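Summary of the model geometry
So you can see what is in the structure, the chains are spelled out below.
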Amino acid sequence: MTSLNNIVANKSIAEWIVSCPVVGDICELKETVWVNPDKKPFNLAIASCPLTMEDIVDAADRLDRFAPYVRKVFPETAATGGIIESDILPIPHMQKLLEEEENIPIPGQMWLKLDSHLPISGSIKARGGIYEVLKTAEDIAISNGLLQEGDDYTVFDSEPFRALFSNYEIVVGSTGNLGLSIGIMSAKLGFQVTVHMSADARQWKKDLLRSKGVRVVEYDSDYSIAVAEGRKLAAQNPRCHFVDDENSKTLFLGYAVAALRLKKQLDEKHIAVDQEHPLFVYLPCGVGGGPGGVSFGLKMVFGDAVHCFFAEPTHAPCMMLGMATGENHNVCVQDFGLDNLTAADGLAVGRASGFVGSLMRPFMSGCYSLKDERMFRMLAQLADSENIYLEPSALAGMYGPVLMQKSEAMGKYIVDSGLEGKMANALHLVWATGGNMVPKEEMQSYYEKGKSLL
Ligand SMILES: *Cc1c(COP(=O)(O)O)cnc(C)c1O
């Protein structure tokens, strides 16, 4: 037990609890809601933002250029022409189940964004991670005179390109899913690739990567250490590109492209998002790049009509802690006596990205935390009601629509945002961030654990 006298960022924990009441609940591992007092109207928030819509469109165009290559080397992307994208679908049975269980109405409609079923690596990391590897390959090919503007990118699937990339190394630190995305894509292009895996990483992810020729370095420690080690080793080699999950703008923009694609999907389904039809998005958060990038893109596309909430395990609420204290990445959950141990391995991060925290401060609606047991219960409920199987991390967003009704802080948010009376028109989009590649036996044991808790 950490003493309340311990000093964190120039204040004792006891003082933090007084000045910032959610810190007390966080320290007690309570399920907590934090609403962002620094959120600004979109036109003000955007004024001080270093990234633009142009940056997102540039990333989307790059993915379009690579689509013929991706389609060729990953035939599972043929249906979407080499574009790595997931469906959205309504989950009315799950919505009803939650309403009955919690004994509350959930006005509006719950939908799921199925990044769990993204091709190639089965998680949200197939957005940012794969994008950063492709951009790195493009940069190297251009600087070595192998690629000209207007070229057909299927040339990336050829011996000269693989020979070139074999002289370069890609390195990343990961709790698992980012390693999968970076490892699979890098190996396919012909790069040498090393993934530094934290202790949380599942064995099957390491095995899968090794089967594809990826070097996997294992650590007994958590994510931050794996990243720091990877960064240090990569710095010694000029032909090495380190994918910096804590700071990469490239990764972030790869995630942000999701917003342009979602806009198109909603238009096709004639689903309106505007002042009268608010969009609530609930995103599981680890270091923050995935949910941050997606949310940033959504704010650029939908402005004040979209409300983005980040969801974290009670044992690893690093983004909420950084945002609520205002200390960002200067503080970590361990400073406050939390252990960062969670079955939601994709979210087992003790210190959030400082880059994401500061960029998202005027845009983000808030954060909440939930217990692992709740994720497991909802995992089983979703399987039973909708026949969709997700990994535990990916259920974190599912509690958001319940909290909009159940939490006093969220109720105040609705009133303060002028959304009372509009909730019947709300779209609650739960971002399902992973699960499709989990081996059958492992998924079965997740399901049984959830069942046993119901
Ligand atoms: C990585 C991951 C997240 C969160 O993304 P961050 O960029 O780490 O915040 C959420 N869900 C799953 C399944 C993940 O693998």
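Residues numbered from 1 in each chain as written. Predicted model: local features only at pLDDT ≥ 70, side-chain atom pairs only at ≥ 80, totals over all residues. Heavy atoms only, no water.

Secondary structure summary: the protein chain contains 18 helices and 13 strands in total. The globule rule puts the C-alpha radius of gyration for 454 residues at 22 Å, and the 21 Å found for the protein chain is close to it. Buried residues in the protein chain amount to 60% of all 454 residues. Here the analysis covers contacts within the protein chain between residues at least 6 apart in sequence; of these, 75% occur between residues at least 24 apart. Counting only carbon and sulfur atoms, one obtains 50% of the accessible surface of the protein chain, whose full area is about 17300 Å². For the protein chain, the distance from the average position of its 41 positive side-chain charges to the average position of its 57 negative side-chain charges is 2 Å. (Helix = DSSP H or I, 4+ residues; strand = E, 2+ residues; numbered from the N terminus. Rg over C-alpha atoms; globule rule 2.2 N^0.38 Å. Buried < 20%, exposed > 50% of the residue type's maximum accessible area, 1.4 Å probe, protein only. Contact = heavy atoms within 4.5 Å. Areas by Shrake-Rupley, 256 points an atom, 1.4 Å probe, with all protein chains shown as cover. Lys, Arg positive; Asp, Glu negative; His and termini not counted. Charge placed at Lys NZ, Arg CZ, Asp CG, Glu CD.)

For the structure shown, the criterion picks out 31 salt bridges. In this structure, Asp58 and Arg62 form a salt bridge, with 3.2 Å as the shortest nitrogen-oxygen distance. One end of the pair is Asp58 and the other is Arg62, both in helix 4 (residues 53-73) and four residues apart, which spans about a single turn. Residue classification places Asp58 among the partly exposed positions, given a relative accessible area of 36%. Judged by relative accessible area, Arg62 falls into the buried class, the value being 8%. When salt bridges with common partners are traced through the structure, they connect Glu85, Lys113, Asp115, Arg127 and Arg261 into a single cluster. (Salt bridge = Lys/Arg side-chain N within 4 Å of Asp/Glu carboxyl O.)

Examined at the domain level, the protein chain breaks down into domain 1 (7-51 + 78-120 + 250-453) and domain 2 (123-248). Once you take the C-alpha centre of each, domain 1 and domain 2 turn out to be 27 Å apart. At the boundary of domain 1 and domain 2, one finds five salt bridges. Between Arg127 and Asp115 there is a salt bridge; the shortest N-O distance is 2.7 Å. Remark: the boundary between domain 1 and domain 2 carries 14 residue pairs in polar contact (both at pLDDT 80 or more). Contributing elements (two or more residues each) for the side of domain 1 that touches domain 2: helix 11 (249-268), helix 12 (289-302), helix 14 (354-360) and helix 18 (440-453). With seven residues, the top contributor of residues to the side of domain 1 that touches domain 2 is helix 11. (Domains from an automatic or database assignment. Polar contact = N/O pair within 3.5 Å; in protein donor to acceptor, adjacent residues only side chain to side chain.)

This next bit is on the site of the ligand. Every one of the 15 residues lining the ligand counts as a neighbour, but Lys125, Asn177, Gly288, Gly290 and Thr433 are closest to it. At 2.7 Å from an oxygen atom of the ligand is found a side-chain nitrogen or oxygen belonging to Asn177. Within the backbone of Gly286, one N or O atom sits 2.7 Å away from an oxygen atom of the ligand. The protein chains hide 98% of the 380 Å² of surface that the ligand would expose on its own. (Near = heavy atom within 4 Å.)

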